[in-house]
Amino acid sequence: MESPVTKTMPGNGAQQLLPGRGSPSPAEVIPSMEPEPQSRLHHKNVLCLFACVGCVPRRTRRRERSRVSSPVPTCAVTLLLQRLQDQEGHGPVGARPGSTSTERWVAAGKASVTGPCPQGDRAQAYCELESALCQDSSRPPCGVVNRLLAEVSRDLTAAQVRAHSQRQREPPAHAGVLLADSGGLTLPRASGGLLCRVSPVTLFQGVTSNLRTAASNVLVALARTHFTLVMAELQSHLKATGDMSKEFVLITLSKLFSTYAPQCIPFVWLLLAGLRSVVGQVKSGQILRIACAVVKQWLDGVKIHLSSGMQCPWPAMEKEQIYENLHELLFSVMWNWQDCQEEKDKQAVLGAVAAMLEVLLQEEQHQEHVWEQLLWLVRPCQEIQDTCRVAKSLTIFLEALGGTESVIPRDRFLDVTSAVFYQLYDDSKQHSEADRAQLTHCIMLQAQICPEETILFLQSQLGDDWEPGCVAALGLLGALARSDEPMMTEKLPQVVEAVQRLCNDPSIRVRTAVLHFINDLFSSNTRSCSAWDVVGHIFREFSRTTARRASGDLSAQEAQEEGALQELCMDTLGSLDVSVRGMSKLLWPRLLLFVVPAQYTGMLIPVSRCVCALAEREELTGRPIEHLDPHFVSSMFQGPLLTPQTLLARLLVVAGSPVAGSKLQAAALLLMKNLHSRFHRVLGAMWATEIPLLLQCLEGKDESFPDTAEFERRLLKFLRASVDTVDDEAWTEALSSELSQRLSSSTGSSAEKSFLYKALGTVLGSCKGVLHVQEKLLQHLEEANAEEPCEAQGIIFLLSHAAKNNFHTVLATLTMFASRLCKGRNARISRRKKMELDSTRAHATRSALMLAHGSVALRASKEQLLAHLEGGIVGNILMLYSCSCRDLQNNLALLQSITDCSTAFQAVGDSASFNRSLKSKLLEILMDLMKKYYSGIPVSPVPLKVVLALEQLSKLKPSFESKDMREMLVLCCKNIVTHPSAEMMLKIRKSQQAAQYLQLQQTSLKALGRLMVVLLETEPSGGFFQNIVHVLQKSMVSSNVWERKRALQTCSQLLAVCEELQRGDACEHFGSLVGLLAPLTCDPMPASRQLAVTCLSSLLRIQAKAVNAVIETGDIKSLCEGLHACSVASQLQTTSKMARIVCRNFPIERTVDFMAAIKETIRKANGVRVRAAGKWMTTFLQMHGKDISWNVPPILYILRSITSFAQQSTFLPFLCQAVVILTRCHTEAVMNNFSRPLGPTDSVTWKRIREFCLQRWSQ
């Protein structure tokens, strides 16, 4: 065959290939799948190596040019190439013949500046080129091929070049080639690629995707005849270090493999080396996915080639190089592409890694190398602190390995699992949540690959004493249980059995991990719970934490951890999904067994949620509880089986306990509502209506719901209505017996026991069996320790609630028990019995019974009360009191019971009349108690209780006699107003009981005021108000500031009631009250001054209503601010203004009373109060002196008596002024009085005043 002759055409420098003799070069021959001689393979490898650096030796090219022959006319490809280079006729090659490739590239660039080809025309030219190259006879010469590769490379990588041109035009640090026509832009030199032959001008031209696709297709077509050159060009672009666009390079490689798979096989090791540079440069996006697709495509072809039994096309060294490059590419991909965020990127990476693993794992020697590399990948986990990247790489490896058919060796698997597991529970690493999640995912992937080995490994860790490892294993086993792995489902019973051994572990972390495992178990496979009562474990763990917290031996941190464990127990049970298959059978009716025991009280909230969910699914079947395991039932209850009464009693106690909290109370009510069929068949409709109303009260939706006591009242009413609805005596007695049993064995709070007493009394009130009611009442009367206040109050609740519908039975039981306590007290009895009757507990029981009689009286009907109050109830009270030691507790009980009985009798109506002799006897007892006690230290509530009892007793008909009422008034005022003294008050204010006493004193004063009002209303004659004024007068002029204040408080309350009731009693004593109140407007105590003004204002309003006239009172309230001033002069000035306002509306007929009250104040007062009294007296005489002629003699007598007082020196100026005013207004009457002889008792001061007046006005 004739060798081709290469000629250079003048004008354009294009090389023309002429036909000649010679054989084609091996580089241009399409590689076949047949084995080739070693020399030819070596020659081809050498060419490929040159191709990797972007060039082919000139000698080789000339040799190949001389052998190229082209039977097709050269004008077709050449003309198309010329169209690409010079659209407007300029020569595409502007360099001289024989110039270097760089010179030709620069010249080509200059030529393209003048006439750039439009992209549409270039794409069309590429399409025609592709068509021409695809002809069987087409084989362009190497010169044309080189020029064509330059044009195609320019367009194929144009996206990178354009992006590069947009950077700042600063010279980079690395060496580069400065192009003359690039405007000073320095481009990095590609490693031997044809990028250096791209025109710099076209760097700033945009290239469309269609153009690059057409260029890529030209390369694929050109590879038919020049496969080696095309592959070398593409390899150079892959290994380029710049930012050139490799997208269409990778696409072209994919097309090449699709078209020329057999020819591509020998170039695999070079492709792998080139792809490593792509992995290091690309992080995500389209190029990453294309690169992964190329890797998968080429390696799938290699795997098919190797598995087809064909002879390997590579020498031994080259084959090892392929595997070495593949190893490096594999771990480069896992390390660099592990942070992919997009799902498409992740799937692409996994596909590429899986393809690499399938090739590597086909031979045993390389399998071992892969496992060693896997251990190398895991080893950094043990050496570095941040294991996130290593874990991500391992995740990619394992996910890809799961898609292959290879099986990892057991020893290697255990090594990897141990390493990852060690990292997971090593607390010293301080992993973040993200790192822990990644490590956990790694083990989960290992479980997918080798499920049995993973489960056995984790199960073995449960028996280890190392706490972190046990906790981590529990978490992983829970995650596996939740994943529904078939192997895990099979092994789950053994795993559950192993976890069950950890139930008694004292470690808080292990206990927490066990609960988390149970939660995972519930969400996946309830059938495995049959081997272990997981529901029971949750409740027992809750009880365990409750007991530890109640012991008080925990530190603050331990208590917090136990509390968190309690919350976890509640959350675990509360988060159960009852829709999971088998969950209903697991929970119902097993949950009911944990409602009754008190240690599980806090779990009622999640139990209620589960039961509500089961009720919505209609899973609450009527299956009896006996169908459960008898051993389990007996171990939980250690007694009889669960009955409706037992369950109802428990839920009632929780619902009625305010200590439990509103959420727990609501849970108990919801349980009752959803389980109504288990209590009684008739309760459903009634509870469906009433329980939501109670829930509204708890949730605060009911505005009429004031407090806890009101909710308790409604709950007891609901209980009574429920018992009445059932109307089954046997059921009711069983419920009362259950409540009685719980009460006897109760160790709960006082609030819980209190509600139990009330609930039992409510149910007993509905019982019709007299013997049963008496039995239960006597049982708790004997068991109760009345020395404890909660027990004593509970007895009262029990008897009073039971008396609602069983009054006669309760009263008979009370009488019977009271007789036992008093029988034989004065008779001959044994010493032991006498000690029992005289014991403190016996006296406390008598006090409780007295209170119970009063409470029973309050609940009795009118007929029952009239028939049994005087003889039965009050008689029993007095009998118990007579047998008591009459200490403070007994006295208070007696007083309260008298108050309750009086209140109850008063509610009967006005037609009822109380026994007079019995009323007198009770009054005598009350008076004796008032004489025995007085206010002081220690603080005693007896006077207050006596006043309250007298208030209610005084309302009963017939009324007390006037003598008894006056005695009662004097004694009460003496105890409450007069006492304590000033010295005692100082001691009280310094004592620890100061606040308690002051509060008690205020309450007592209010009660005394109400008693006075009652006595005023019931007193037959109208003179009782005078008695009140007379009693209060002594205290209002007292030298004790505290006594004056207490008297003013009582007077203020009394006048306010008189004003409200429009009584005219105060008008008759207007003068006396003004005379007593006026000096107190300047009292040393500011509160007393304020009270005095309040009383004066009330008096003026009462007077105005009495005379039915509008009386000007002035702004007396506004003058109170002046009384608060510290200056005495300011106080006197203010009180003078008040005096003018009051005297302007003063009834003249009350003048003498006023002067007499002023005289009484001056006799006992001193200081500013005396001066204030003088101010008021002189102001009154100045305003009304001319109108009181008939009162002149008594007024002069009062003034004459004042001169004998010790305080006459302070009052003397006001006395003289008063005499002068009277003399001027009534000279004749005054002179006639002074003309009378002096008496032996007249003072010297009065004699001088008399002489002065006689001398002055006689003239």
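See the structure printed just above.
Residues numbered from 1 in each chain as written. Predicted model: local features only at pLDDT ≥ 70, side-chain atom pairs only at ≥ 80, totals over all residues. Heavy atoms only, no water.

> Help me understand the environment of Q1131 in this model?
In this structure, Q1131 sits in helix α54 (residues 1128-1144). Q1131 sits ten residues away from E1121 along the chain, and the two C-alpha atoms are 9.5 Å apart. (Helix = DSSP H or I, 4+ residues; strand = E, 2+ residues; numbered from the N terminus.)

> So what exactly am I meant to see when it comes to the side chain of E738 here?
Secondary-structure assignment places E738 in helix α34 (residues 729-744). Buried and without a salt bridge, E738 has R742 as its closest oppositely charged side chain, separated by 4.3 Å. Among all residues touching E738, those that are not within four sequence positions of it are Q645, T646 and A649. (Buried < 20%, exposed > 50% of the residue type's maximum accessible area, 1.4 Å probe, protein only. Lys, Arg positive; Asp, Glu negative; His and termini not counted. Salt bridge = Lys/Arg side-chain N within 4 Å of Asp/Glu carboxyl O. Contact = heavy atoms within 4.5 Å.)

> What exactly am I supposed to notice about the pattern of salt bridges here?
In total, this model carries 16 salt bridges according to the counting rule given. Between R714 and E710 there is a salt bridge, with the nearest N and O atoms lying 3.3 Å from each other. In this pair, R714 and E710 are both assigned in helix α33 (residues 708-726), four residues apart and thus about one turn of the helix distant. According to the relative accessible area criterion, E710 is buried, its value standing at 16%. Residues D1083 and R1044 are paired through a salt bridge, measuring 2.6 Å at the closest nitrogen-oxygen approach. Taken as a pair, D1083 in the loop between α51 (1070-1077) and α52 (1086-1107) and R1044 in helix α49 (residues 1041-1061) lie far apart in primary sequence, 39 residues in all. The exposure class of D1083 is buried, given its relative accessible area of 0%. Residue class for R1044 comes out buried when judged on its relative accessible area of 2%.

> Please explain the nonpolar core as it appears in this structure.
Nonpolar side chains in soluble globular proteins generally cluster together in the buried interior. One finds L669, M672, L799 and L1199 to be the most contacted residues of the largest nonpolar core, which totals 271 residues. Considering every element that reaches this core, the biggest residue donor is helix α21 (residues 467-483), with ten residues. When residues no more than four places from it in sequence are discounted, the contact partners of L1199 are M1155, M1177, L1215, A1218, V1219, L1222 and W1246. In terms of nonpolar packing, the next biggest core, distinct from the first, is built from 67 residues, A125, F267, V302 and M356 among them. (Core = buried A, V, L, I, M, F, W, Y, C linked by side-chain atoms within 4.5 Å.)

> Looking at this structure, I do not really get unusual backbone geometry. What am I missing?
As a rule of thumb, non-glycine residues mostly have phi less than zero, and peptide bonds are mostly trans rather than cis. Residue P958 follows K957 across a cis peptide bond; omega there is 0 degrees. Tracing the backbone through its elements, the reader meets P958 in the loop between α44 (942-954) and α45 (962-978). Its identity is not glycine, yet D727 carries a phi of approximately 55 degrees, on the positive side. Tracing the sequence through the fold places D727 in the loop between α33 and α34. When its relative accessible area of 57% is taken as the criterion, D727 is described as exposed. Its identity as a non-glycine residue notwithstanding, R886 has a phi of 60 degrees, on the positive side. Checked against the element boundaries, R886 lands in the loop between α41 (862-883) and α42 (888-906). Residue classification places R886 among the partly exposed residues on the basis of a relative accessible area of 42%.

> Any chance you could explain the packing of helix α22 (residues 486-500) against helix α23 (residues 508-522) here in plain terms?
In a packed pair of helices, the relevant descriptors are the angle between the two axes and the axis-to-axis distance. Where α22 meets α23, the closest approach of the two axes is 11 Å, and the angle between their N-to-C directions is 155 degrees. When the axes of α22 and α23 are compared, the pair comes out roughly antiparallel. In terms of crossing hand, the pair formed by α22 and α23 is left-handed. Residues L492, V495, V496 and V499 of α22 pack against V514, F517 and L521 of α23. Of the residues contributing to the contact of α22 with α23, the split by class is seven nonpolar, no polar and no charged. (Axes fitted to C-alpha atoms, helices over the stretch in contact; angles between N-to-C directions. Parallel < 35°, antiparallel > 145°, perpendicular 65-115°, else oblique. Left-handed = near helix turned anticlockwise from the far one by under 90°. Nonpolar A, V, L, I, M, F, W, Y, C, P; charged D, E, K, R; others polar.)

> Help me understand the side chain of S847 in this model?
Within the secondary structure layout, S847 lies in helix α40 (residues 840-859). Sequence-distant contacts of S847, defined by excluding residues within four places in its chain, comprise Q889, N890 and A893.

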